[in-house]
Amino acid sequence: MDYITAAEAAEKWGVSQRQVHRLLAAGRINGVKQYGKRFLIPADATRPVDPRFEPASAPQKSLSDDLADVLEATYKPAPRDNPDALIEIVGTERLRAIPENGLAYWRGDFEQVLRRYREIEEDDAVKLCASAAAIASSICLGDYPFFQEIEAYLTGIVQRNRNSSVSAFAELALANAYTGMTAPKMVARWLKDGDLSALPDLAKPNALCMRARYFKNLKQYDSMLAVAQTALQFCASENGLFDAEISLKITCALALSELGRTEEAEPYLLDVMRSCLPHGFLTGLALHLPMAGGLIEKLVERDYPAYNADLRELADRAVPGWVIFHNRFTKENITHILTSREYQMARLAAQGVPFRKIAEQFNIALGTVNNHMQIIYQKLYIKGKKHLSEYVF
């Protein structure tokens, strides 16, 4: 008889080595031979059925039905006065990974998100719901191997469940990464077209948020604003807080800022700050700190100065990962996030043109050029003029 190792069995069955060792310890694999601490498993052995999820006495629930049930149980607003209570509201141990990951992500504890994600085994419905926070966290940490692992898992789900609510939900989690790294070409066709019919209803507010971010990638700010404002009607809650609501309000503010309507953008950002900062939810604001023409920093310094240092620290830690991933995936320069005017200024500065000459060319004050250049440095996440040649050609 031929034998394989625990590592080979894990690869063959599509599970972790840790799960194989659990099965070995429980004596649930027949015909095993043990030599010291080493186990040899019959090559023709099949993966034992997990009694938690595949009871022999009852037909197995389809993944689409299970996903719908998990969403129903977990897509709930977090209490505004105590968001952590959402973990207890969700209830069962099986489902707690989803709110735990969401709360850890919004607090910038990306390492915890990935640790918790690794603990989810053989439970695709829960893993799917936790994947958006996990794949974003892997980018914030610049952890490309972990990103590849999650991307491969989601891509496999799509391939095995084509044209279903399951495949659409997996593609939605991938869109969280692709739109965030400004790689619009990689977004699923249905999201580009705005056809959300395949998605579970509870996932549609998040899908609209991704669609608004897709329009941001294309610099179509009117469409970005319209989609985000429409989506807010589906998820705004007086007594609780949805993660989609936070993202959509920030998205509205970014669109309004790009459209030159700064005064209209401020209420959205102040509402987010009021709801999030007291609970340590910094990620949404930190990731966009270099954008909106410095508006977020201005409002924080004015109204919430106690959080300024923490936001800057988190931005310094998380934003570079998205820049690196953008370059890796799009094979184009990060200047895609600059406006046309900013790009022209950056090119001149990179060529060594003095700021005074740039001011004359654009018929603006020298101080205005300095302000524009500071925004460019923030968007590109560089320290100053000497690094521009790495990005602008």
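Provided above is the structure to which this section pertains.
Residues numbered from 1 in each chain as written. Predicted model: local features only at pLDDT ≥ 70, side-chain atom pairs only at ≥ 80, totals over all residues. Heavy atoms only, no water.

Quick notes on the overall build of the protein chain
For the record, the criterion: Numbering of helices and strands runs from the N terminus, with a helix taken as a DSSP run of H or I at least four residues long and a strand as a DSSP run of E at least two residues long. Values of the radius of gyration come from C-alpha atoms, whereas the globule rule sets the reference at 2.2 Å times the count of residues to the power 0.38. Pairs of residues are marked as contacts when any of their non-hydrogen atoms sit within 4.5 Å. The method behind every accessible area is Shrake-Rupley, applied with a 1.4 Å probe, and residues are considered shielded solely by the protein chains displayed. Neither His nor the chain ends contribute to the count of charged residues, in which Lys and Arg are positive and Asp and Glu negative. Note that the charge is assigned to NZ on lysines, CZ on arginines, CG on aspartates and CD on glutamates.
Check the secondary structure of the protein chain and you find 20 helices and five strands. A globule of 393 residues ought to have a C-alpha radius of gyration of about 21 Å, and the protein chain, at 24 Å, matches this closely. Viewed in the frame of its principal axes, the protein chain has a C-alpha envelope of about 80 × 45 × 40 Å. Counting only contacts in the protein chain whose residues sit at least 6 apart along the sequence, the fraction spanning at least 24 positions is 62%. Looking at the protein chain as shown, the accessible area adds up to about 18,700 Å², and 49% of this sits on carbon and sulfur atoms. Separation between the mean location of the 46 positive side-chain charges and that of the 48 negative ones in the protein chain comes to 5 Å.

Details of the nonpolar core
Applicable threshold: Here, nonpolar core refers to any group of buried Ala, Val, Leu, Ile, Met, Phe, Trp, Tyr and Cys residues whose side-chain atoms link them within 4.5 Å. Buried, partly exposed and exposed residues are distinguished by accessible area as a fraction of the type maximum, computed with a 1.4 Å probe on protein chains only: under 20%, between the cut-offs, and over 50%, respectively.
Grouped together as the largest cluster of nonpolar side chains are 112 residues, with contacts concentrated most on Phe147, Leu154, Met181, Leu199, Met273 and Leu285. No other element matches the eleven residues that helix H7 (residues 124–140) contributes to this core. One finds Phe362, Ile376, Ile382 and Leu388 within the second-largest nonpolar core, a separate group that totals 16 residues.

Concerning the packing of aromatic side chains
For any two aromatic rings, the description comes down to two numbers: the centre-to-centre distance and the angle of the planes. Condition: Here a Phe, Tyr or Trp ring, Trp counted by its six-membered ring, pairs with any other such ring whose centre lies within 6.5 Å, and the pair is stacked when the planes are under 30 degrees apart, edge-to-face when over 60, and tilted otherwise. In this analysis the charged atom, NZ for Lys or CZ for Arg, is taken to sit over a ring once it is within 6 Å of the ring centre and within 35 degrees of the ring normal.
Counting across every chain of the model gives nine aromatic pairs. Plain terms: the ring middles of Phe147 and Phe325 are 5.1 Å apart, the flat faces sit at 70 degrees to each other, and that makes the pair edge-to-face. Of the two residues, Phe147 is situated in helix H8 (residues 144–160) and Phe325 in helix H17 (residues 308–330); the sequence distance between them amounts to 178 residues. Residue class for Phe147 comes out buried when judged on its relative accessible area of 0%. Its relative accessible area of 1% is what places Phe325 among the buried residues. Taking the centre distance of 6.5 Å and the plane angle of 55 degrees together, the rings of Tyr304 and Tyr307 count as tilted. Judged by relative accessible area, which is 17%, Tyr304 ranks as buried. On the basis of relative accessibility, which here comes to 24%, the residue Tyr307 falls in the partly exposed class. When the ring centre of Phe146 is taken as reference, the NZ or CZ atom of Arg118 above it lies at 4.4 Å.

Some points on the environment of Glu151
Relative to the assigned elements, Glu151 resides in helix H8. Given the relative accessible area of 16%, Glu151 is considered buried. Considered as a pair, Glu151 and Ser131 are 20 residues apart in the sequence and their alpha carbons are 9.1 Å apart. Those residues in contact with Glu151 that lie beyond four places of it in its chain are Ile135, Leu174, Tyr178 and Phe329.

Regarding the state of the cysteines
Which entries qualify depends on this criterion: Note that a disulfide, as used here, is simply two cysteine sulfur atoms within 2.5 Å.
In this structure the tally under the stated criterion is zero disulfides. Left without a disulfide partner, Cys140 is nearest to the cysteine sulfur of Cys209, which lies 15 Å away. Classification of Cys140 by relative accessible area gives buried; the value is 2%.

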